[in-house]
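# Tertiary structure, described
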Amino acid sequence: MMNAAGFPLLSLITWLPLVGGAVILSIRGDEETVAVNARWTALWTSLIVLALSLVLWVKFDPREAGFQFNESLAWLPHYRIAYKMGVDGISVLFVLLSTVLTPICILASWDAIQTKVREYMLSFLILETMMVGMFCATDFVVFYMFFEAVLIPMYLIIGIWGGPRRVYAAVKFFLFTLTGSVLMLLALIAMWLQAGTTDIAVLMETRFPVGMQTWLFFALFASFAVKVPMWPFHTWLPDAHVEAPTAGSVILAGVLLKMGAYGFIRFSIPMLPDAAQHYAPVIWTLSVVAVVYTSLVAFAQEDMKKLIAYSSVAHMGVVTIGLFTFNEQGIQGALYQMLAHGVVSGALFLIVGVVYDRIHSREIARYGGLADRMPAYALLFMLFTMASVGLPGTAGFVGEFLVIVGALQVNFWLALLGGLGMILGAVYMLYLYRRVVFGTITKDDLKHILDLSPREWAVFAPLIVLTLWMGIYPSSFTGFFDESVAALVKHHHAAIASTVKLAQGMTH
Amino acid sequence: MVYAIAVFAPLVGALISGLLGKAIGDRAAMGASVLGMLIAAICGPYAFFALVQDGHSSTVDLGTWMEVGKLHVSWSLRYDPLSAAMVGMVSFVSMLIHVYSIGYMSHDATRWRFFAYLSLFTFAMLMLVTADNLAQLFFGWEGVGLCSYLLIGYWYEKPSACAAAIKAFVVNRVADLPFAVGLALIFMVFGSIEFSTVFANVSKHTADSYHLFGRDFPALEAIGFLLFIGAMGKSAQLGLHVWLPDAMEGPTPVSALIHAATMVTAGVFLMARMSPLMEFAPCATAFVTIVGASTALFAATVGCCQNDIKRVIAYSTCSQLGYMFVAAGVGAYQASVFHLITHAFFKALLFLAAGSVIHAMSDEQDMRKMGGLAKFIPVTCAVMWIGNLALAGIPPLAGSYSKDAIITAAYLAHSNVGSYAFACTVLAAFLTAFYSWRLLFMTFHGKSRADHHVMEHVHESPLVMLVPLLVLSVGAIFAGMALNGWFIGHEQEHFWHGAIFNNPHNEIMHHIEHAPLSVELAPLIAGVLGIALAWFMYISRPELPAIFAKEHGGIYRFLLNKWYFDELYDRIFVRPMTRIARFAWKIGDATIVDGVPNGLAAIAAGSARQAVKLQTGSLAAYAFTMLIGVVVLVGVFILFR
């Protein structure tokens, strides 16, 4: 289990949270002691994991397009399936996104979760292991196992610590995502039969027959499209978000939604280039519908979390447009939008959580005039609102802009309609902001509502820094995936060109 | 270096005032903000005059913004005559408005917030005008949009202010999308969005075409149209103007700064900045001319019937922006920038003077409840006269130079659109003079119509508000005379130094001083007639307007209701969108999209209940079923192998 550097860093980052989880399990004492210790253990574990992942950030060589920090361990040698880990420019930042958001989530749950704290923290640590493992896996089978395993802790978090309709939401979440996964398993087996291995690097170089690519593409699509979620497979998301506890929503929007898009760029696009190219118009159509339709639906919402959940679907529509433009600006824009959305929508769910913790309502009409009593809150809400609508200088702009630039190279209408989110996003977000923050206070209990506490500041501080940093100096992030995306684009166009040549050869 | 200080001093002021305002108190926050602006107002004009002296354009590089494949975008400040002139004007006018606000906002509870927004706005505007690439321009472009939203909604307890703020942001966004797409198209055609690269390669791409609506368009035309739609939103041109009058919900200094002197001129600036490209897009520029001319006339007609003092001036702004676009459209970008600068002085003056009136009248804005104020607030009255004289283009005040140049340029275009623009602008000049003097007469002259409680409290504004007014008056009187030679006169080519490009076939700028006398006199005559008519209707026979409104009720209501644009948009955009949104949610999402999986679940549950019945407990039945299963499986395997 050694890599070139001689140290299995990725495995350590992946499995360390489980060790923390084991420690939490071993805590003895009355309920209060267990709760306090569980919180601190979880926080420290996630912070150590974060520190380790920062080593990754520093040591990662962005000039290298392929996988780094590789680890390999013979697992099922007979079937040529191995425990393989590694990160390239595309995945490394998602590992960081996961490790950054986890401590934030734990901190955000500090007071909000009062029942079964031990189990809650344990679930979050397991979730972290699964997320990080999924982004690090360089073997399809390993990926598949992590990809599926993510469901379990998330299912528990929604189902146990959620709102009144939590069981419905949790089961819906589970069934939707699981249905897609079955088809992905079929695709996995077929690809293994064809290539003889499930090593992702090898699969990328394998040329699957064009006919086979089509059904493989749709099998994978079934799984990834639900996860993204793409329209019309998105209805599990608002329910899951509404019922999930705040931190659950943060991690769901921040990382879990990225799994689908990550799947597209890791598997569908590089391994099935012909099918991806051929069916790209389908993806574009669904994405444009997602952008316009869900933005409209978001506008009609009366529940803050639902509104932001729908806005997530719209933002992910921009991501899928970008991925399937197959050019550097589009794909980099999509990746950037994924990262930015992870930070910004996570922050927005936390923003909702702040007032939910105080008033215990997510209904928009329940609020109004918060600016008077909560100026700092109003400021942060404005910052993240603006980031969400893609104001230049914030994280949200760069991705959206690059996707428009990328999309225009493909089709004018794709760029214009895909960009409609710019307008509609402003409409529903500002409308939300107006109803919650502006106006005068009419409800009695809002007259004494408290502004942000130090703990809440600590939760938001990293997100504020990231939102502005990603907006003002995006090169420090795009630099990571520049080479990998360039290689991907080159690989894609070479594959398409060879198919065309082949087809011409056959007709002559 | 001085130049960079001019741009960033307001940002520092904004940050200190905004982030520390609560802690350090209103006075310190205001101090920081005004100090930042003072520094900017010294450095900005200094940098401008220094550039005029040595004529050495350059760029200040600040770092990389985006680096994606071929797309390279940097943070940098462009230092050429166009940018420097804008920096000088923006920083100077903004400084005066900051000072004025000290007095105007003195009773406000959260002054630190106001000054933070104001300074932040100035910074965004400065970033816009000093951009060296289109993305940074877009940064400033959206930044001023945000600040405008914040400032219009400054009194967030008022529902009307919140609505106006959202309207402003969203209407601007509607225009920003085509702008962003145009930007992407520039990248696609030129492989860069840096000004220097784009401008240097325009001639290579004149023959490029872009496929759209099923046919091929010249790519440069497509770019020109898309960018202009962006400009239409920011500069409140016909169709996308609806946000500007509502923006008067903000405090008056905001109206002066944003909705008169600076932000709304961003679109005009964009046209001038992109002149090397626009000059090769004849259809787009013709469209610019038509829209500009129509706006100039449309807004002037509406201005004649408004009763809110700020709204009159707001429509006047809208109309004057139309003039600037006419100039840009016919290729006289120099004249449009010249008018932009002179307009900034007298329009800021008019708004601030209106603020002084409102201040004196205990926050009354309806001119029907004013009248005869001249003897109570003589200084305000005097500066208002100066501002209106400049606006109406009475020589030798500032407006006469720039406005006449635009009307002459429209005439000299010798084209159909040029003639249309000439007719519209002359007619608008008549209406401009009319509504300006209507405003003066209704406010300052004749008999007072206010109730005596208000009249008892009428007072002249404090010195801190009057001094900026006086300084702006000096600008409104002399800016035209002083800058004429540089901007459009014989020194113009030397002055602009290539910052503005004119197609070699476009000789308007050479002939602008040699137009027929009748053309040169046209706006003056129109202006004098307008003043005369206003005098006749509001001083000589004050009963006339009411009679007119009664006899021609249709026309009157049409103008009073601003051509029913708001109602129209409400019908075709706002209400349907609300309805579609609810439909999409309740029917689309909850019933159809979600109905399928929920229905499937119900079917599954139902069939499970049926399936239970299959479990008879008979071993033989199970065995038989299994056998069939095996046969089918093997069959499938053999058939498809």
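Residues numbered from 1 in each chain as written. Chains lettered and ligands numbered in written order. Predicted model: local features only at pLDDT ≥ 70, side-chain atom pairs only at ≥ 80, totals over all residues. Heavy atoms only, no water.

### Considering unusual backbone geometry
Backbone geometry follows two general trends: most residues other than glycine have a negative phi, and most peptide bonds adopt the trans configuration. Stated formally: Helical segments are the DSSP runs of H or I of at least four residues, strand segments are the runs of E of at least two, and each set is numbered from the N terminus. Relative accessibility thresholds used throughout: buried, under 20% of the residue-type maximum; exposed, over 50%; partly exposed, between the two (1.4 Å probe, protein chains only).
The amide bond that connects W231 of chain A to the next residue, P232 of chain A, takes the cis arrangement and shows omega of 0°. Cis geometry marks the peptide bond from P395 of chain B to P396 of chain B, where omega comes out at 5°. Its identity as a non-glycine residue notwithstanding, F69 of chain A has a phi of 55°, on the positive side. Here F69 of chain A shows up in strand β1 (residues 68–76). Residue classification places F69 of chain A among the buried residues on the basis of a relative accessible area of 16%. The phi angle at A236 of chain B is positive, at roughly 55°, despite the residue not being glycine. Residue placement: A236 of chain B occurs in the loop between α7 (219–234) and α8 (243–246).

### So, a nonpolar patch on the surface
Just so we agree on the cut-off: Note on patches: the residues involved have over 30% relative accessible area and no salt bridge, like charges join within 9 Å, and the nonpolar side chains Val, Leu, Ile, Met, Phe, Trp and Tyr join within 5 Å. Computed by Shrake-Rupley with a 1.4 Å probe, the accessible areas treat only the displayed protein chains as cover when residues are assessed. One side-chain nitrogen of Lys or Arg within 4 Å of one carboxyl oxygen of Asp or Glu is enough to make a salt bridge.
Where nonpolar side chains cluster on the molecular surface, the patch consists of L379 of chain A together with V12, L15, I16, L19, L20 and I24 of chain B and spans about 600 Å² of accessible area. In terms of residue count, the dominant contributor to the nonpolar patch is helix α1 (residues 2–54) of chain B (six residues). When you line up the elements, L19 of chain B lands in helix α1. Given a relative accessible area of 58%, L19 of chain B falls into the exposed group.

### Section: the pattern of salt bridges
In a structure, side chains of opposite charge can pair up when their charged atoms sit close to one another. For the coordinates displayed, the defined rule picks out 22 salt bridges over all chains. Note that D239 of chain A is salt-bridged to K172 of chain A, the shortest N-O span being 2.8 Å. Of the two residues, D239 of chain A is situated in helix α10 (residues 236–243) and K172 of chain A in helix α7 (residues 166–195); the sequence distance between them amounts to 67 residues. Put simply, R207 of chain A and D274 of chain A hold a salt bridge, and the shortest N to O gap is 3.5 Å. Of the two residues, R207 of chain A sits in the loop between α8 (200–205) and α9 (210–227) while D274 of chain A sits in helix α12 (residues 273–300), which places them 67 residues apart along the sequence. Counted as one network, the salt bridges with shared partners bring together R78, D80, D132 and R273 of chain B.

### Some remarks on the interface of chain B and chain A
Heads up, the rule is: Every residue pair with non-hydrogen atoms within 4.5 Å of one another is taken to be in contact. In short, buried area is how much 1.4 Å probe accessible area vanishes from two parts on joining, totalled over both. Whenever a nitrogen or oxygen atom comes within 3.5 Å of another N or O atom, the pair is scored as a polar contact, on the condition that within protein one atom can donate a hydrogen and the other can accept it, and that pairs from neighbouring residues in sequence are kept only if both atoms are in side chains. Residue type decides the class: Asp, Glu, Lys and Arg count as charged, Ala, Val, Leu, Ile, Met, Phe, Trp, Tyr, Cys and Pro as nonpolar, and the leftover types, Gly among them, as polar.
Facing 54 residues of chain B, the contacting portion of chain A comprises 64 residues. With both sides pooled, the region where chain B packs onto chain A buries about 5100 Å², and carbon together with sulfur makes up 74% of that total. Counting the surface chain B buries against chain A, the share from its top three residues, Y156, R173 and W585 of chain B, is 13%. At the boundary of chain B with chain A, the tally comes to zero salt bridges. Here chain B is connected to chain A by nine residue pairs in polar contact (both at pLDDT 80 or more). Residue assignment for the side of chain B that touches chain A shows that the elements contributing at least two residues are α1, β1 (58–68), β2 (71–79), α4 (134–152), α5 (159–190), β3 (209–212), α25 (565–593) and α26 (595–614) of chain B. In terms of residue count, the dominant contributor to the side of chain B that touches chain A is α5 of chain B (17 residues). Grouping the constituent residues of the side of chain B that touches chain A by class yields 39 nonpolar, five polar and 10 charged.

### Observations regarding the state of the cysteines
Here is the idea: a disulfide is a covalent bond, and it sits between the sulfur atoms of two cysteines. All names here are of chain B. As a reminder of what qualifies: When two cysteine sulfur atoms lie within 2.5 Å, the pair is treated as a disulfide.
Counting across every chain of the model gives zero disulfides over all chains. C162 carries a free sulfur, and the closest cysteine sulfur to it, the one in C147, is 17 Å from it. With no disulfide partner, C318 has as its closest neighbouring cysteine sulfur the one in C304, 13 Å distant.

### Remarks on the nonpolar core
Stated precisely, the cut-off is as follows: Side-chain atoms within 4.5 Å are what join buried Ala, Val, Leu, Ile, Met, Phe, Trp, Tyr and Cys residues into a set we call a nonpolar core.
Counting residues in hydrophobic clusters, the biggest one holds 455 residues, and the most contacted among them are F324 of chain A together with Y149 of chain B. In this view, Y149 of chain B contacts M382, M386, L430, Y433 and F438 of chain A together with A165, I166 and F169 of chain B; residues no more than four positions away in its chain are not counted.

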